[in-house]
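Survey of secondary and tertiary structure
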Amino acid sequence: MTLVDQFGRVGTDLRVSLTDRCNLRCTYCMPEEGLNWLPRSEHLTDDELVRVVGLFVAEGVTSVRLTGGEPLLRRGLPGVVRRLAGLAPRPELSLTTNGIGLDRLAAPLAEAGLDRVNVSLDAVDPQIYARLTRRNRFHDVERGLKAAADAGLRPVKVNAVATRDGEDPVRLLSWCLDRGYDLRFIEQMPLDAGHTWDRATMLTRDELLTTLGAAFGLTPVEERGSAPAERFTVDGGPATVGIIASVTAPFCGSCDRVRLTADGQVRNCLFARDEDNVRDPLRAGASDAELVDIIRATMWRKARGHGIGRPGFVQPERPMSSIGG
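Residues numbered from 1 in each chain as written. Predicted model: local features only at pLDDT ≥ 70, side-chain atom pairs only at ≥ 80, totals over all residues. Heavy atoms only, no water.

This part takes up the side chain of Glu-187. As for its placement among the helices and strands, Glu-187 is situated in strand β8 (residues 182-187). Overall, Glu-187 belongs to the buried group, its relative accessible area being 1%. Engagement of the side chain of Glu-187 in a polar contact is seen with the backbone nitrogen of Arg-205, the distance being 2.7 Å. With sequence-adjacent residues up to four places away left out, Glu-187 is seen in contact with Met-202, Leu-203, Thr-204, Arg-205, Ile-244, Ala-245, Ser-246, Val-247 and Thr-248. (Helix = DSSP H or I, 4+ residues; strand = E, 2+ residues; numbered from the N terminus. Buried < 20%, exposed > 50% of the residue type's maximum accessible area, 1.4 Å probe, protein only. Polar contact = N/O pair within 3.5 Å; in protein donor to acceptor, adjacent residues only side chain to side chain. Contact = heavy atoms within 4.5 Å.)

Glancing now at the pairing of β8. Of all six residues in β8, six are buried; the element is thus mostly enclosed. Across the two faces of β8 the burial is the same, with Asp-182, Arg-184 and Ile-186 and Leu-183, Phe-185 and Glu-187 all buried. Judged from the six bridges that link them, strand β7 (residues 157-162) and β8 form a sheet pairing that is parallel. Looking at β8, one finds that Ala-162 is bridged to Glu-187. Pairing of β8 with strand β11 (residues 240-244) involves four bridges; the strand directions are parallel. Residue pairing in the sheet places Ile-186 in a bridge with Ile-244 of β11. (Pairing = 2+ DSSP bridges.)

One pass over the full model with this rule turns up 24 salt bridges. Arg-205 is the partner of Glu-230 in a salt bridge, and the nearest nitrogen-oxygen pair spans 2.7 Å. Here Glu-230, found in strand β10 (residues 230-234), pairs with Arg-205, found in helix α7 (residues 205-213); they are 25 residues apart in sequence, far enough to count as distant. Arg-267 is paired through a salt bridge with Glu-275; the nearest N and O atoms lie 2.8 Å apart. Classification of Arg-267 by relative accessible area gives buried; the value is 3%. Through salt bridges that share partners, Arg-137, Asp-140 and Arg-143 make up one connected network. (Salt bridge = Lys/Arg side-chain N within 4 Å of Asp/Glu carboxyl O.)

Here it is, written out as structure tokens:
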């Protein structure tokens, strides 16, 4: 069986939020203080999470990405990874992290079965990093990236949200190229907790290409499929840089993603205005078949596109930290 929506798209990529908590306060994501966390009793337990992810895998999901908040804050994370790696058929397992604590956990996670990591890093100037994240932790992230590469979690990908008051894109790409990291720029999206997103503050795909193209030779990579990033070889390759242009060049028509939040809600789109609860039926004794019916129905209702920039677009109530990246 497969998770099909009414437009013929098939869900094969599951994003699983392990927690809504984070140890950074990025300016485009969270307020400096005062964000209320979900009670831990509302989070899926390890057993519940593995059971629900197993149902997605049985329905055709082949890739599982663990997200947050900050997923490294989840207690017993290597054990969760080990159990997910034991699912049959085994999904590809990746993790998106801010990198704080990755220096300690990279090797245990790789040993448990994690395949690769994406590390969020918007600046390589420590002062800009501290201003954007409101925390002075750049060198912790730097150590985490190196530990991930040393542990074999390759390719090590870096995700950078591109904003006008942030890092120079050329400097960031040069830094990643020198270290063998695979950089992806992301257009800033309306997913902040304060609902203060302003399109004027983001760097667009076209602006990024103009800036980067003045310093590097960029050649489009033809094969993309359902991948969110449009990729370009840099100076003839083999290194590449990617741009995820969710706002100015959305890729909704080929989207294969579905999401499970830390509190057990199934979301068919990052910008969905509704979600379906599998946690409460599970705790009430629902069968696997009943839970799968909920998951299939959620996927079937997936909208044609997210609608950013169109009349009537409304930002989801949940911020990115609560949805999962």
